Amino acid sequence: MVRTDILKPMLIVGNWKSYVETPETAKVVMAAAKRAAMKSRAKIVIAPSFAHIGLFAGGKKSKVGLAAQDVSEMTAGNATGEVSATTLKRMGVSYVIVGHSERRARGETDATVSTKVTRVLANGMTPILCVGESVRDANAEYLQKLRTQIDAVIKPLPLGDRAKVIVAYEPIWAIGKSATEADSPRDVAEMMLYIRKILAQHLPEKLVPKAVILYGGSVEPANARAFAKEGGVGGFLVGHASADPKMFSDIIKEAS
Ligand code: PGA
């Protein structure tokens, strides 16, 4: 299989989760991301909390794309507390993280994730589908689990939409730790190949090498370069380190 994805600029998505709690901090962290983005070939995307998305909506054209950390599976109507895909689109959001393990841990099923991805695509945004195992069991059942998570979302989509989904591989055991506890570049490279093989069963052949697959789970400045070079990744989904201006800028530097 010819790899063309490595020639594409990396996609580095910062998922602020709930680390950034005030608008003042949000502005400072975003400004640092913009400065780092100016000096990089990588495409940088930031996912603030719903409450802070409005701070960055409708601004002048920026090198930093806007993402949401989640989306409602409902459309407009009687859905208290939900934020619809249409609302996000109108706020200038272009990527939506869907099926993050921290949402799945609160009861989100593959069926819910699948509906959410449909809503995101219907509104012309790009879904970032998070998948990942909680443990790497000796019988390699985790590989089947990954396949199930991907199949459940990609299979129901029309052919034309399938290649629009970005897959983020995030082993749950590696999330929220430090660089030394992240996955190894070599294992990540294997997982990237495995995920690409799964996608190959759903995508037209010529689109398979173009599929963007990210790695997430304790990406820090100390391991970003190794992942970029040896991990075969199309980019990163960065959690805690994206809320730290220095760390995130360094990751962008190391990865590009
Ligand atoms: P982390 O989070 O970088 O803090 O491990 C990654 C994620 O959950 O997206």
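One can find the structure itself at the top, above this paragraph.
Residues numbered from 1 in each chain as written. Predicted model: local features only at pLDDT ≥ 70, side-chain atom pairs only at ≥ 80, totals over all residues. Heavy atoms only, no water.

Participant: Can you tell me about the sheet that holds strand S8 (residues 235-238), naming the residues and giving the values?
Facilitator: Within the closed barrel, the 8 strands sit side by side as S1-S2-S3-S4-S5-S6-S7-S8. Their pairing is parallel. On average, each strand axis in the sheet is inclined to that of its neighbour by 25 degrees, with strand direction left out of account. One ladder, built from 4 bridges, connects strand S5 (residues 126-131) with strand S6 (residues 166-169); its direction is parallel. Bridge pairing links Cys-130 to Ala-168 in S6. (Pairing = 2+ DSSP bridges. Helix = DSSP H or I, 4+ residues; strand = E, 2+ residues; numbered from the N terminus. Axes fitted to C-alpha atoms, helices over the stretch in contact; angles between N-to-C directions.)

Participant: Before we move on, can you summarise unusual backbone geometry with the specific residues and values?
Facilitator: With a phi close to 60 degrees, Ala-140 is a non-glycine residue in the positive phi region. We note that Ser-218 has phi near 55 degrees; this positive angle belongs to a residue other than glycine. Structurally, Ser-218 is set in the loop between strand S7 (213-216) and helix H9 (221-230).

Participant: Give a detailed account of the pattern of salt bridges, specifying residues and quantitative values.
Facilitator: Tallied over the full model, the rule gives 12 salt bridges. Here Asp-183 and Arg-136 are joined by a salt bridge, their closest N and O atoms 2.5 Å apart. Separated by 47 residues along the polypeptide, Asp-183 in the loop between S6 and helix H8 (185-200) and Arg-136 in the loop between S5 and helix H6 (141-154) bring together distant segments of the chain. What emerges from the salt-bridge pattern is a single network uniting Asp-70, Arg-103, Glu-108 and Lys-116. (Salt bridge = Lys/Arg side-chain N within 4 Å of Asp/Glu carboxyl O.)

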